[in-house]
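Fold and contact review
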Amino acid sequence: MRSAKLYQYQLPMDSGVILRTQRLVNREGWVVELQDGDQKGYGEIAPLPEFSQESAEQAGEQAQALLEQWVAGQAIDLEKALPSVAFGLSMAELELQGGLPQAGNYTVAPLCSGDPDDLVIALNDMPGEKVAKIKVGMYEAVRDGMVANMFIDSIPGIRLRLDANRQWTPLKAQQFAKYVKPENRGGIAFLEEPCQSPADSLAFAQETGINIAWDETVRDEGFEVRAEPGVVAIVIKPTLVGSVQRCIELVKQANEQDLTAVISSSMETSLGLNQLARFAEWQTPDVIPGLDTMQLFLSQLETPWPQCKLPLKTLAELDVAWSK
Ligand SMILES: O=C(O)CCC(=O)c1ccccc1C(=O)O
Ligand SMILES: [Mg+2]
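Residues numbered from 1 in each chain as written. Chains lettered and ligands numbered in written order. Predicted model: local features only at pLDDT ≥ 70, side-chain atom pairs only at ≥ 80, totals over all residues. Heavy atoms only, no water.

**Concerning the UniProt feature "binding site: Mg(2+)" (unreviewed entry) in the protein chain**
Under the local residue numbering, the UniProt record ascribes the feature "binding site: Mg(2+)" (unreviewed entry) to Asp163, Glu192 and Asp215. These annotated residues cover 53 residues of sequence, but their C-alpha atoms sit close together, with the largest distance between any two at 9.1 Å. Mapped onto the secondary structure, Asp163 falls in strand 8 (residues 159–163). Not counting residues within four places of it along the chain, the set of residues in contact with Asp163 comprises Lys133, Ile134, Lys135, Val136, Leu191, Glu192 and Asp215. For Asp163, the side chain forms a polar contact with the side chain of Lys133, separated by 3.2 Å. Mapped onto the elements of the fold, Glu192 is located in strand 9 (residues 188–192). On the accessibility criterion, Glu192 (2% relative accessible area) is buried. (UniProt positions renumbered as here; feature names shortened; annotations may be inferred. Helix = DSSP H or I, 4+ residues; strand = E, 2+ residues; numbered from the N terminus. Contact = heavy atoms within 4.5 Å. Polar contact = N/O pair within 3.5 Å; in protein donor to acceptor, adjacent residues only side chain to side chain. Buried < 20%, exposed > 50% of the residue type's maximum accessible area, 1.4 Å probe, protein only.)

Encoded structure:
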């Protein structure tokens with residue numbers, strides 16, 4: 001006996017959250033609940049403005065249509081579904097089948113998009129391997145280079161993940177590299193997407209000895225996981241990539257080519273973020289995931305995130321947009 005529900009949520013964000021060109025005031029999305037007998041499974045469907053191609057409304061419509069089929073006992077084809085819908089529905093099915101292990105990797109790579117001093121404090125509290133993620137490409141490239149030096153010089157053993165989100169021209173990227181002392185370049189675990197084109201990013205890595213990672217490129221049409229000189233990692237944001245099965249395939253391909261696969265957030269609520277932590281522990285057990293985005297919210301949803309003190313909203317408090 002199958003039944004399903006689609007909840008609609010809207011959660012307020014911290015005032016400083018900017019996505020590319022727009023401020024994100026509220027995070028909007030859907031939570032799907034699948035039930036079969038006494039088993040339940042949940043999934044979050046939350047297209048990220050400025051990053052997803054689809055809107056929340058489009059995702060909700062498609063989710064409803066696919067849920068109608070699911071409840072009727074038909075197999076649903078997620079290959080052609082919108083990425084956020086494919087992710088949420090496949091996660092709910094996986095959880096329903098008991099296929100998502102409970103244990104999660106909640107060690108996040110602290111994310112710094114503002115004051116570097118805040119990050120130094122977070123890192124001093126971090127047990128074990130010290131990994132941090134810093135957004136670059138928003139101010140002067142020279143400043144970014146100096147910030148990278150500062151962290152590598154002051155925190156022994158640190159592994160920095162930098163993210164330029166394709167902001168730099170080859171010249172700007174060169175200016176950045178020039179300011180990172182040669183002996184510090186190994187302290188950069190990787191720099192995500194330095195340049196506008198993957199070809200320029202590859203050339204940058206090979207010229208500077210600074211390792212890079214693909215993030216946006218993973219979602220480009222026709223992308224294939226390929227080991228190339230200077231590339232060490234791929235970032236997988238399941239909400240933007242698609243089904244759990246597609247994500248697992250990417251992790252497998254990365255591992256086969258000795259590339260690190262980093263499971264990363266697309267600003268899911270605490271419900272989706274917890275599932276990503278569990279997915280990361282299961283599929284990429286030796287890699288610290290990129291999930292430090294709870295701090296961008298003003299509220300949690302249903303599942304608490306470890307150590308997070310934000311108020312918790314429950315699914316029971318949400319509107320049910322559709323059920324059958
Ligand atoms: O990857 C992480 O560590 C955190 C997530 C993150 O940076 C991010 C979150 C949402 C949208 C884009 C990005 C990004 O990688 O630029
Ligand atoms: Mg990125």
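**Thoughts on the pairing of strand 7 (residues 131–135)**
In terms of burial, strand 7 is a largely internal element, four of the five residues being buried. Bridge count between strand 6 (residues 111–112) and strand 7: two bridges; the pairing is parallel. Each residue of the ladder has a partner; that of Cys112, found in strand 7, is Ile134. Summarising the sheet, strand 7 and strand 8 pair through five bridges and their orientation is parallel. Bridging from a neighbouring strand, Ile134 pairs with Leu162 of strand 8. (Pairing = 2+ DSSP bridges.)

**Some thoughts on the site of ligand 1**
Near ligand 1 you find Leu48, Phe51, Lys133, Lys135, Asp163, Asn165, Glu192, Asp215, Lys237, Ser264, Ser265 and Gly290, and these make up its full shell. The side chain of Lys135 places a nitrogen or oxygen atom 2.5 Å from an oxygen atom of ligand 1. Asp163 has a polar side-chain atom sitting 3.0 Å from an oxygen atom of ligand 1. Contact with the protein chains covers 96% of the free accessible surface of ligand 1, which is 380 Å². Residue composition of the shell around ligand 1, grouped by class: two nonpolar, four polar and six charged. (Near = heavy atom within 4 Å. Areas by Shrake-Rupley, 256 points an atom, 1.4 Å probe, with all protein chains shown as cover. Nonpolar A, V, L, I, M, F, W, Y, C, P; charged D, E, K, R; others polar.)

**A closer look at the confidence of the model for the protein chain**
Residues shown with low pLDDT carry predicted positions that ought not to be read at fine detail. Across the protein chain, the average pLDDT comes to 95, with 99% of residues at or above 70. Both scores are given for the predicted complex: the pTM is 0.96, the ipTM 0.96. (pLDDT = per-residue confidence, 0-100.)

**What about the pattern of salt bridges?**
Pairing is possible between side chains that carry opposite charge, provided their charged atoms lie close to one another. Under the definition given, this model contains 16 salt bridges. One salt bridge in this structure joins Lys40 and Glu33, with 4.0 Å as the shortest N-O distance. According to the relative accessible area criterion, Lys40 is partly exposed, its value standing at 40%. Linked through salt bridges whose partners overlap, the residues forming this network are Lys133, Lys135, Asp163 and Glu192. (Salt bridge = Lys/Arg side-chain N within 4 Å of Asp/Glu carboxyl O.)

**Quick look at the coordination of the magnesium ion (ligand 2)**
Looking at the magnesium ion (ligand 2), one finds its protein donor set to be Asp163 (OD), Asn165 (OD1), Glu192 (OE) and Asp215 (OD), positioned 2.3 to 2.7 Å from the metal centre. The sequence pattern formed by the donor residues of the magnesium ion (ligand 2) is D-x1-N-x26-E-x22-D. Within this pair, whereas Glu192 is found in strand 9, its partner Asp215 is found in the loop between strand 10 (212–214) and strand 11 (231–236), the two being separated by 23 residues in sequence. For the residue pair Glu192 and Asp215, the accessibility class agrees, reading buried in each case. (Donors = N, O, S within 2.8 Å, 3.2 Å for Na, K, Ca; no water.)

**A closer look at helix 5 (residues 170–179)**
Every buried residue of helix 5 is listed here: Ala173, Phe176 and Ala177. Buried residues of helix 5 fall within an arc of 95 degrees about the axis and therefore sit on the same side. In helix 5, those exposed residues whose orientation departs by more than 90 degrees from the buried face are Leu171 and Lys178. Of the surrounding secondary structure, the elements contacted by the buried residues of helix 5 are helix 4 (141–154), strand 8, strand 9 and helix 6 (198–208). (Arc of directions from axis to C-beta.)

**A few points about the environment of Gln62**
Take Gln62: it is sitting in helix 1 (residues 56–71). Separated by 20 residues in the primary sequence, Gln62 and Leu82 have C-alpha atoms spaced 7.9 Å apart. Every residue in contact with Gln62, bar those within four places of it in the chain, is listed here: Ala81, Leu82 and Val85.

**Side note on the sheet that holds strand 5 (residues 39–45)**
Overall, antiparallel pairing links the four strands, which are arranged 5-4-1-15 in an open sheet. Of all strands in the sheet, those with a lone pairing partner are strand 5 and strand 15 (319–323), marking the two edges. This sheet shows a mean twist of 25 degrees between the axes of neighbouring strands, independent of strand direction. Where strand 1 (residues 2–12) lies against strand 4 (residues 26–36), eleven bridges are found, and the strand directions are antiparallel. Within strand 4, the residue paired with Pro12 across the bridge is Asn26. Sitting on the sheet, helix 1 touches strand 1, strand 4, strand 5 and strand 15, and the angle it makes with strand 1 is about 165 degrees. Strands in contact with helix 9 (residues 270–283) are strand 4 and strand 5; relative to strand 5, the strand with the most contacts, it is inclined by about 105 degrees. (Axes fitted to C-alpha atoms, helices over the stretch in contact; angles between N-to-C directions.)

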